[in-house]
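Survey of secondary and tertiary structure
Residue strings, one per chain:
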Amino acid sequence: MPAVSAPESKVVCLPELRVIDRARTRRLYLLVLAGLGLGVVFGLVDPDTAAQMKPLSDGFIKLVKMTIAPLIFCTVVGGVAGMKAMKIVGKAGSLALLYFEVMSTIALVIGLVIVNLVRPGAGMNIDPHTLDTSKIAQYTDAGHKLSTVEFLLNIIPDTFVGAFARGELLPVLVLALLFGFALHKVGERGQPILDLVDRLGNVVFGIVEIIMYVAPIGAFGAMALTVGEHGVGTLASLGKLMACFYTTCLVFVFGVLGVVARLSGFSIVRFVRFIRDELFLVLGTSSSESALPRMMGKLETLGASKPVVGLVIPAGYSFNLDGTSIYLTMAAVFVAQATNTPLDLWQQLELLAVLLLTSKGAAGVTGSGFIVLTATLDAFGDIPVAGLVVIYGIDRFMSEARALTNVIGNGVATLVVARWCNELDSELLRANLGAPRE
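Residues numbered from 1 in each chain as written. Predicted model: local features only at pLDDT ≥ 70, side-chain atom pairs only at ≥ 80, totals over all residues. Heavy atoms only, no water.

Turning our eyes to something else, we now look at the overall build of the protein. When you go through the protein residue by residue, the secondary structure sums to 21 helices and 0 strands. Here the protein, with 438 residues, has 55% of them falling under the buried criterion. Within the protein, counting contacts between residues at least 6 apart in sequence, those at least 24 apart form 83% of the total. As displayed, the protein offers around 18800 Å² of accessible surface, 63% of which is attributable to carbon and sulfur atoms. (Helix = DSSP H or I, 4+ residues; strand = E, 2+ residues; numbered from the N terminus. Buried < 20%, exposed > 50% of the residue type's maximum accessible area, 1.4 Å probe, protein only. Contact = heavy atoms within 4.5 Å. Areas by Shrake-Rupley, 256 points an atom, 1.4 Å probe, with all protein chains shown as cover.)

So, on to the nonpolar core. Grouped together as the largest cluster of nonpolar side chains are 128 residues, with contacts concentrated most on Phe-271, Ile-391, Ile-408 and Val-412. Excluding residues within four positions of it along the chain, Ile-408 makes contact with Val-253, Leu-257, Ile-268, Phe-271, Val-272, Ile-275 and Leu-279. (Core = buried A, V, L, I, M, F, W, Y, C linked by side-chain atoms within 4.5 Å.)

With that out of the way, let us pick up the environment of Leu-349. Inspection of the secondary structure puts Leu-349 in helix H17 (residues 345-358). Taking relative accessible area as the criterion, Leu-349 reaches 38% and is therefore assigned partly exposed. A C-alpha to C-alpha distance of 9.5 Å links Leu-349 and Leu-112, two positions 237 residues apart in sequence.

A separate point is the pattern of salt bridges. Taken as a whole and judged by the stated rule, the model has 4 salt bridges. Here Lys-306 makes a salt bridge to Asp-198, at a shortest N to O gap of 3.9 Å. Placement of the pair is Lys-306 in helix H15 (residues 306-319) and Asp-198 in helix H9 (residues 191-211), with a sequence separation of 108 residues. On the basis of relative accessible area, Lys-306 is assigned to the partly exposed category, the value being 28%. A salt bridge links Lys-298 to Glu-278; the shortest N-O distance between them is 2.9 Å. Taken together, the residues Lys-298 in helix H14 (residues 292-301) and Glu-278 in helix H13 (residues 276-285) connect sequence positions 20 residues apart. Judged by relative accessible area, Lys-298 falls into the buried class, the value being 4%. Because the salt bridges share partners, they merge into one network encompassing Glu-278, Arg-294 and Lys-298. (Salt bridge = Lys/Arg side-chain N within 4 Å of Asp/Glu carboxyl O.)

Summed over all chains, the structure comprises 9 aromatic pairs. Ring centres 6.1 Å apart and planes at 70° place the aromatic pair Tyr-99 and Trp-420 in the edge-to-face group. Here Trp-420 lies in helix H20 (residues 395-420) and Tyr-99 lies in helix H4 (residues 87-118), a separation of 321 residues in the sequence. Judged by its relative accessible area of 37%, Trp-420 is partly exposed. For the ring pair Phe-245 and Tyr-327, a centre distance of 5.9 Å and an interplane angle of 70° mean the geometry is edge-to-face. Of this pair, Phe-245 sits in helix H11 (residues 239-263) while Tyr-327 is found in helix H16 (residues 322-338), placing the two residues 82 residues apart along the sequence. For Tyr-327, a relative accessible area of 0% puts it in the buried group. Among the aromatic residues, ring-to-ring pairing joins Phe-73, Phe-160 and Phe-179 into one connected group. (Phe/Tyr/Trp six-rings, centres within 6.5 Å; stacked < 30°, edge-to-face > 60°.)

Time to look at unusual backbone geometry. Within the chain, Arg-119 stands out as a residue other than glycine whose phi angle is a positive 50°. Within the secondary structure, Arg-119 is located in the loop between H4 and helix H5 (137-142). The residue Asn-340 is not glycine, and still its phi comes out positive at about 55°. Tracing the backbone through its elements, the reader meets Asn-340 in the loop between H16 and H17.

So, about the packing of H16 against H20. Put simply, H16 and H20 touch, their axes get as near as 6 Å, and they point 140° apart. Considering their axes alone, H16 and H20 lie oblique with respect to each other. Judged by residue contacts, Asp-322, Gly-323, Thr-324 and Tyr-327 of H16 engage Asp-395, Met-398, Arg-402, Thr-405, Asn-406 and Gly-409 from H20. For the contact of H16 with H20, the per-class residue count stands at 2 nonpolar, 5 polar and 3 charged. (Axes fitted to C-alpha atoms, helices over the stretch in contact; angles between N-to-C directions. Parallel < 35°, antiparallel > 145°, perpendicular 65-115°, else oblique. Nonpolar A, V, L, I, M, F, W, Y, C, P; charged D, E, K, R; others polar.)

Take H20 next. Between its first and last C-alpha, H20 extends 36 Å over 26 residues, near the 38 Å set by a 1.5 Å rise per residue. Among the 26 residues that make up H20, 23 are buried, leaving the element largely enclosed by the rest of the structure. Asn-422, located one to two residues past H20, shows a positive phi value of around 55°. (Expected span 1.5 Å × (residues − 1).)

A few words now on the confidence of the model for the protein. Confidence in the prediction for the protein averages 77 pLDDT; 80% of positions are at 70 or higher. For the protein, per-element mean pLDDT is lowest for H5, which scores 55, and highest for helix H12 (residues 268-274), which scores 92. When the criterion is pLDDT under 50, residues 1-20 qualifies, and its contacts beyond four places in sequence or with other chains add up to 42 contacts. Predicted confidence for residues 363-367 stays below pLDDT 50, and this span has 8 contacts to residues more than four positions away or in other chains. (pLDDT = per-residue confidence, 0-100.)

This is the structure in structure tokens:
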């Protein structure tokens, strides 16, 4: 398909997709930046009041979350029902899971290697028995990891509407796939329903655009809460760990993902620039889900087919958590270093094996990577869980890097899987990212 010329203020886009207005997204980008800056200033000037701004952030994230389930349903149903060959869906799903496993393992190994080289926790000499664990008690209680059978049963919704009521991505994805397959089998008789689903999807995207107007308020609330509650003193005391973690995430994104992107025909730098609005949204809210609806639209704009986007993105949010994988290895070994807990090579390989399982547990645990980390240390046994108190104060700051890395990783994964399945419009990708012609 030849590249389509477009006005300077527009992004080149397939005819059936919505055209993204760069002027409007640039305004959102600047407003979110302003919200972040004001949140930092407010947190420094009046930390007590700033710590009460949590409802602003929570309210925005809840607004976004309420659109995710219907958006995924409409996207997957419309894409699957409109496909000529059903085998594409199975191929995309299997390739995506293989890609997720490989990249998550690489992320775990990179985190393990760097934390051993830099040793950010060495010399802290913390006695875990003297730590107050009351702050992390809620995470310890929530750290129940679902068994394989429980997890598989959990992705099957109890009722048709139950998939939407639970607010989890995988049950909605399963329902959407079944619905899409059924519509495809029905054929022409199901066309009116398919048209209705497509129109409903356009309405949901419209709701997302309206919600984005309050994104700067959500970013302000989240940043004010973080700075007001924890302060810059916490950053200074554990700055070495934070610097090590952020650097590792950058190495993974521009090193590992950069190579993957280049082999797939696009530049990781240009891709990151293309989704910068979504990344600042994630930075402001510390939640990767806040950018999910807009990421789906952006990836379709880059030429990835609708069914591949609808399948890979929600699955990736459950299984392709690259930033969380890096965090888990680095945080676990950091706690061992800080509490003078010796870990030989075999113990670290055992820890890596445990993390290969528990890192996927984020799909079945409600909460952040901190809950999964708690469950990991509890399952491993050799590292004191009480040592997590040391990093509790900076977890919010580290969650931002986790979320940013997760979003970029899932975006790259979608384009890669789409290319493998011949469901990526290379001309459209080049037109929007300026990627070199193969």
